[in-house]
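Examining the three-dimensional arrangement
Here's the letter readout for the chains.
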Amino acid sequence: MSDPTPPPTAAEPPTVARAQRFALNEDWLATAVGLLLVALVLTGVIPTGLVP
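Residues numbered from 1 in each chain as written. Predicted model: local features only at pLDDT ≥ 70, side-chain atom pairs only at ≥ 80, totals over all residues. Heavy atoms only, no water.

Let's shift gears to the overall build of the chain. Per the secondary structure count, the chain includes 1 helix and 0 strands. When the accessible surface of the chain is split by element, carbon and sulfur atoms take 71% of a total near 5,000 Å². (Helix = DSSP H or I, 4+ residues; strand = E, 2+ residues; numbered from the N terminus. Areas by Shrake-Rupley, 256 points an atom, 1.4 Å probe, with all protein chains shown as cover.)

Together, Leu29, Val33 and Leu37 give the surface a local cluster of nonpolar side chains, amounting to about 280 Å² of exposed area. Mapped onto the fold, leucine 29 is located in helix α1 (residues 16-43). The exposed category is assigned to leucine 29, whose relative accessible area is 56%. (Patch = residues over 30% accessible without salt bridge, like charges linked within 9 Å, V, L, I, M, F, W, Y side chains within 5 Å. Salt bridge = Lys/Arg side-chain N within 4 Å of Asp/Glu carboxyl O. Buried < 20%, exposed > 50% of the residue type's maximum accessible area, 1.4 Å probe, protein only.)

Let's shift gears to the UniProt feature "transmembrane region" (unreviewed entry) in the chain. In this numbering, the UniProt entry assigns the feature "transmembrane region" (unreviewed entry) to residues 28-51. Within the segment residues 28-51, helix and strand shares are 67% and 0% respectively, and the terminal C-alpha atoms sit 22 Å apart. (UniProt positions renumbered as here; feature names shortened; annotations may be inferred.)

The structure is reproduced here in structure tokens:
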């Protein structure tokens, strides 16, 4: 049996699931940048006087 719905085209707006997946990626990127900054401070690359 064939599927009655047409396949999605590139002109359609993104779905909610795609938007939520992108937000999750942004959250992980912010987490990684934060951990990198903490690691740089702990190793002494960034002096503690620069961190408020």
